[in-house]
Structure formats: C-alpha cells, structure tokens
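Here is what each chain is made of, one letter per residue.
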Amino acid sequence: MASGVGIKEVAREAGVSVGTVSNVINRPESVSEATRDRVQAVIERLGYVRQESARQLRAGHSRIVALLVLDMANPFFAQIARGAERAAREAGLGVMVCNSAHSPEAEAVYLGLFAEQRVRGVLMTPADMTGRNLASFRRRPIPFVLVDRVLPSAEGCSVSVDDVTGGQLAVRHLLGLGHRAIAYVSGPMRLAQCRDRREGALRALRAEGLGASALRHVEVERLDVVSGRDAGARLLGISPRPTAVFCANDLLALGVLQALYGAGVSVPGEVALVGYDDIEFAAAAAVPLTSVRQPAFRMGHAAAELLIEETGKRAGDHRHQRIVLQPELVVRGSSLARSR
C-alpha cells in the first residue's frame, strides 16, 4: 500500500501544500518546527517514500556512484570497495558495486547500464585492455576515475600503486636472504600490473649484477588460488627448482603454498614465498605470507574523493590528477629462512 502513496496524499492528510511537503523533505530548515513535525508524522503513518530516481532526473544528477571491479572474490577489490563506500557515505552518496569478472563483454554491458541509469560517476578497473570500452564510454557525459590503473592526467583521474617499486621490494628482500634462483608467478602479461611487477623484479636482479635469466617466469591465465596451485605444480617440475618464488598477488601465492605443501616441500625451509596485495588472508595462512602491501582502502577512498570533487558544487575548479601510491613490504614467516 505504501508504494501507492504520493506526495499529494501526504499534503492532503497534513493539511498543507505539496510545496510545503517538498520543503520538509528537501529543505527542512525552511519550514517551521510545528509544521515539519506534523508532516513527518503523516509521512511515517502513511509510509511515504519519495521517488528518488525521478527527483534525481529533475535535478540532472544522481546520488549513486558506480564501482566496476575486476573480481569481487579477491579481497583486494573488496578493500577498494570499502574505501570508496566510506568516501561516498561521507559525501551523502551511495555506491553500486558491479563485477566484470575480467570480462570485457560484461564490462561493456555494465558501462551501458551506468549510462542508462545516469549515475553520478564511475570508478572502474578496466577489464578491456584494448581500451575500446573506455573510449566508447568517454563519449558519455559521465565522469570516471580509474582505480589500480594509470591514466594520463590529461584524459581523466586515476589512482594506482607503483608496482615497479613493489616488484623491486619483493625480489630485493629475497636477494638479501641469499636467493639467486627466483621464480616469478604472474597472471597474463597483458595486465600492466603483472608487467610492472616483473620489471621491478628484474631491476632488483640487475642491481645485484644478475641478468633476466635468473628469474624463471611462470605465467597463468587468472590471478586466483586455482591458478596458483597449477603454477605450483609447474614449479615442482623445474630442475633445478627455484629456492624462492615471488607471486603477482596473494591468491596466486596461497595456491602455490598449497601445491608445495601437498608435495611435502617446506616453506620457507626449501622454498621462500612472497605474495602481493597483503590481503587479510595473507597473515592467517598456515605459513604467514610475506607480501607487498597495497593501500587498497586508501586507493578506493582517494578515487571516490576525486570523483566527488569532479561532480560536486565546485566541479569547475576540478583538475584531473594521476595519484600513484607507494607499496610497502610486510615480512612474515613464508620467506624468513635464508637460502643455503
């Protein structure tokens, strides 16, 4: 019954004009306390809910920010979503979270949906590496900010992490423990993060006078635990076996840890292991995982703040920014044994 109650019914029951009801809802400070209390009592008794979508269309903008991530099963993206939600809530906005599941096709569908719904703006980690989906979306009058991707500031805002430095931190740590036979387990190299983390690893090796051949590269199609187990099985077949493994994310590292443990290989006694992201499960693993921490919550929060600024009252003063945050190495038990 409440869904059929409109503003006119509230006004009639309260004995006021439609304009007064509207002011109570949108500008309560403009209405006397007695009238405001009377109207609010009627609203609660009738169960009136304002038609927010219609109001937003009249105002020309929405109070909903869209967040499109690659993989909500990855706690890294859940932390980004938490950061974005916090910033949006502080600004009186809501967040609609969608998952492309690494699919460019799904990404294109969601971007079309966001345009149809006239969302306030979009935070996204692109799945389409060709850039076609983003190029098409740019033609819409909807601001966007890239998260965990770098975008030239002339084209829009982006918030990312210095993954080259992250790769250097991981492999420098392993080199410092005496390891010289190191493997890098990555997702598909079409992903900039996987390429940058490998470049960082190679820079750390070059600083020690070692060439690229010192880094065995195992590439898998997805950045998840199952792919990590597959990579672990492949590592077990390498002779001589690497004494240390750096993984492009923690889910891969946890999968590698499972494969090594299942084969009776001691971590870190026989193989040292380092992940990337420092998700919550990293510290809770059977062997606590050394990991390169990304400030995921801060990344999501900063991206949402940029979007809110670009779509707010002072949008005319907004200047696109490219924010690059710094990672840090968190050392735990999976890497602490020195290489013999």
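Counting starts from 1 at the beginning of each chain's written sequence and moves along it residue by residue. Owing to the predicted nature of the model, reporting of local features is limited to residues with pLDDT of at least 70; listing and counting of side-chain atom pairs is limited to 80 or more, with chain, interface and lining totals taken over all residues. In computing side-chain values, all of the structure's heavy atoms are included and hydrogens and water are not.

You'll find the protein chain entered in an unreviewed UniProt entry as LacI family DNA-binding transcriptional regulator, with Streptomyces luomodiensis given as the organism.

## Details of the overall build of the protein chain
As a reminder, the rule being used: Starting at the N terminus, helices and strands are each numbered in turn, a helix being any DSSP run of H or I of at least four residues and a strand any DSSP run of E of at least two. Note that the radius of gyration is over C-alpha atoms, with the globule rule given as 2.2 Å times the number of residues to the power 0.38. Buried residues are those whose accessible area, probed at 1.4 Å on protein chains only, stays under 20% of the maximum for their type, while exposed residues exceed 50% and partly exposed ones sit between those limits. Any two residues whose heavy atoms approach within 4.5 Å are treated as being in contact. Areas reported here follow the Shrake-Rupley algorithm with a probe of radius 1.4 Å; residue values treat only the protein chains shown as occluding. Neither His nor the chain ends contribute to the count of charged residues, in which Lys and Arg are positive and Asp and Glu negative. To locate a charge, take atom NZ for lysine, CZ for arginine, CG for aspartate or CD for glutamate.
Along the protein chain, the regular secondary structure elements total 13 helices and 12 strands. Computed over C-alpha atoms, the radius of gyration of the protein chain comes to 25 Å, more than 25% over the 20 Å expected from 2.2 N^0.38 for 340 residues, which places it beyond the range of a compact globule. C-alpha extents for the protein chain along the principal axes are approximately 85 × 40 × 30 Å. The burial tally for the protein chain puts 49% of its 340 residues in the buried class. Contacts spanning at least 24 positions in sequence make up 71% of the contacts within the protein chain whose residues lie at least 6 apart. Counting every atom, the protein chain has about 16,100 Å² of accessible surface; 50% of that belongs to carbon and sulfur. Mean positive and mean negative side-chain charge positions of the protein chain (42 and 35 charges, respectively) differ by 2 Å.

## So, the environment of V65
Along the chain, V65 falls in strand β1 (residues 64-69). Along the primary structure V65 and F144 are separated by 79 residues, whereas in three dimensions their C-alpha atoms are 9.6 Å apart. Leave out the neighbours within four places in its chain, and V65 touches L93, G94, V95, M96, R120, G121, L123 and L307.

## Points about the pattern of salt bridges
Selection rule: Salt-bridge detection follows one rule: a side-chain nitrogen of Lys or Arg within 4 Å of a carboxyl oxygen of Asp or Glu.
On inspection of all chains with the given rule, the structure shows 12 salt bridges. Salt-bridge contacts for E13 lead to R45; the nearest nitrogen and oxygen are separated by 3.5 Å. Remark: R45 occurs in helix α3 (residues 33-46) and E13 occurs in helix α1 (residues 7-14); sequence separation between them is 32 residues. Overall, the relative accessible area of 44% leaves E13 in the partly exposed class. D278 is the partner of R293 in a salt bridge, and the nearest nitrogen-oxygen pair spans 2.7 Å. Pair noted here: R293 is in strand β10 (residues 290-293) and D278 is in the loop between β9 (272-277) and α12 (280-284), with a separation of 15 residues, a long-range link. On the basis of relative accessibility, which here comes to 33%, the residue R293 falls in the partly exposed class. For D278, a relative accessible area of 14% gives the class buried. Look at the salt bridges and you will find they share partners, linking D278, R293, E328 and R332 into a network.

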